[in-house]
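Descriptive analysis of the structure
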Amino acid sequence: MELRDTDRALVQAATAVAKLRCRSENHTVAAAARTADGRVFTGVNVYHFTGGPCAEVVAIGAAATQGATELETIVAVGDRGRGVIPPCGRCRQVLLDYFPSIRVIVGSADALRVVSIGDLLPDTYVWADHQLDATADAVPAPRPGD
């Protein structure tokens, strides 16, 4: 899918955050996510030897703190001018589980494109626990002593 002007602006937003905030080994990737109404939320990865959240997950959390429930497009950009970086496998799964119709910007600087998260994670596992929310009220939880 071809990039729209709003997609190019999202890449620019992530690039600006990478230049400004990714200045140490603890923060090496920035992400920017956009809602359908045009709000943009950014985040940086939090590196730690025990593992840490990727920039995409931090951007999702930032959006959630502001009440955004539906993200339309997301992009990650590396520090030191590395350009657009595709999401890792864990982020692909998180994006699919939370935003199954989200668009992801990927590709090299001269060949950026937009793909659906499903294209990046074909034949995927679906987080079954998400489906339990719809039936939780229909089946009462057992009470102590039952």
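The structure reproduced in this document is the subject of the present report. Values in this document were obtained by computation on a predicted structure and should not be read as measured data.

1. Re the pairing of strand β2 (residues 40-44)
- When strand β1 (residues 29-35) meets β2, the two strands line up antiparallel, connected through 5 bridges. Counterpart to Ala33 in the pairing with β2 is Phe41.
- Remark: 4 residues form the turn of the hairpin made by β1 and β2, two consecutive strands paired antiparallel; Gly38 in that turn has positive phi of roughly 95°.

2. Brief notes about the layout of surface pockets
- Its boundaries defined by the atoms lining it, the largest pocket holds a volume of some 180 Å³.
- Lining the largest pocket we find 14 residues, and of these Thr15, Val77, Gly78, Gly81 and Gly83 sit closest to its centre.
- Those elements giving two or more residues to the lining of the largest pocket turn out to be α1 (5-21), β3 (71-78) and β4 (83-85).
- With 4 residues, the single largest contributor to the lining of the largest pocket is α1.
- Taken together, the residues of the lining of the largest pocket break down into 7 nonpolar, 4 polar and 3 charged.

3. Considering the environment of Val77
- Structurally, Val77 can be placed in strand β3.
- Here the alpha-carbon distance between Val77 and Ile105, two residues 28 residues apart in the chain, equals 10.0 Å.
- In this structure, Val77 is in contact with Val11, Ala14, Thr15, Ala18, Thr28, Val29, Ala30, Gly83, Val84 and Ile85, ignoring residues within four places of it in sequence.

4. What to know about the pattern of salt bridges
- Tallied over the full model, the rule gives 9 salt bridges.
- The salt bridge involving Arg4 is made with Glu72; its shortest N-O contact spans 3.3 Å. Of this pair, Arg4 sits in the segment before α1 while Glu72 sits in strand β3, placing them 68 residues apart in sequence.
- With a relative accessible area of 38%, Arg4 lands in the partly exposed category.
- The structure contains a network of salt bridges with shared partners spanning Arg4, Asp7, Arg34, Glu72 and Arg103.

5. Focus on the environment of Thr35
- One can find Thr35 in strand β1.
- Considering only alpha carbons, one finds Thr35 and Thr73, 38 residues apart in sequence, at a separation of 7.1 Å.
- Residues within four places of Thr35 in sequence aside, it is in contact with Phe41, Ala68, Glu70, Leu71 and Glu72.

6. Some remarks on the nonpolar core
- If you look at the biggest cluster of nonpolar residues, it comprises 17 residues, and the most contacted ones within it are Leu71, Leu95, Ile102, Val104 and Ile117.
- Broken down by secondary-structure element, the contributors of at least two residues to this core are α2 (55-65), β3, α3 (89-98), β5 (103-106) and α4 (117-120).
- Excluding residues within four positions of it along the chain, Leu71 makes contact with Ala33, Arg34, Thr35, Ile60, Ala63, Phe99 and Ile102.
- One finds Leu3, Val44, Val75 and Val84 within the second-largest nonpolar core, a separate group that totals 15 residues.

7. Looking at the side chain of Glu56
- Assignment of secondary structure puts Glu56 in helix α2.
- In this structure Glu56 is buried but unpaired, with Arg90 as the nearest side chain of opposite charge at 7.7 Å.
- Excluding residues within four positions of it along the chain, Glu56 makes contact with Ala31, Ile74, Ala76, Pro87 and Cys91.

Thresholds applied
Counting from 1, residues in each chain are numbered in the order their sequence is written. The predicted origin of the model limits local features to residues at a pLDDT of at least 70 and limits the giving and counting of side-chain atom pairs to 80 or more, whereas totals for whole chains, interfaces and linings rest on all residues. Water and hydrogen atoms play no part in the side-chain values, which are based on all heavy atoms of the structure. Two strands make a pair as long as DSSP finds a minimum of two bridges between them. Per the convention used, a helix needs a DSSP run of H or I reaching at least four residues, while a strand needs a run of E reaching at least two, with both numbered from the N terminus. In this analysis the probe radius is 1.4 Å and the grid spacing 1 Å, with only protein atoms considered; a cavity is a set of points the probe fits into but cannot get out of, a pocket is an open set with protein on both sides within 12 Å along at least five of seven lines, and lining residues have an atom within 4 Å of a point. Grid points are joined across faces, edges and corners, and a volume is the space filled by probe spheres set on the points. Classification used: nonpolar for Ala, Val, Leu, Ile, Met, Phe, Trp, Tyr, Cys and Pro, charged for Asp, Glu, Lys and Arg, polar for all others including Gly. Contacts are assigned to residue pairs with any non-hydrogen atoms lying within 4.5 Å of each other. Any Lys or Arg side-chain nitrogen found within 4 Å of a carboxyl oxygen on Asp or Glu counts as a salt bridge. A simple rule labels every residue: compare its accessible area, found with a 1.4 Å probe on the protein chains alone, to the largest value its type can have, and call it buried under 20%, exposed over 50%, or partly exposed in between. For our purposes a nonpolar core is just a set of buried Ala, Val, Leu, Ile, Met, Phe, Trp, Tyr and Cys residues, chained together by side-chain atoms within 4.5 Å. Charged-residue counts in this description rest on Lys and Arg as positive and Asp and Glu as negative, His and the chain ends being excluded.

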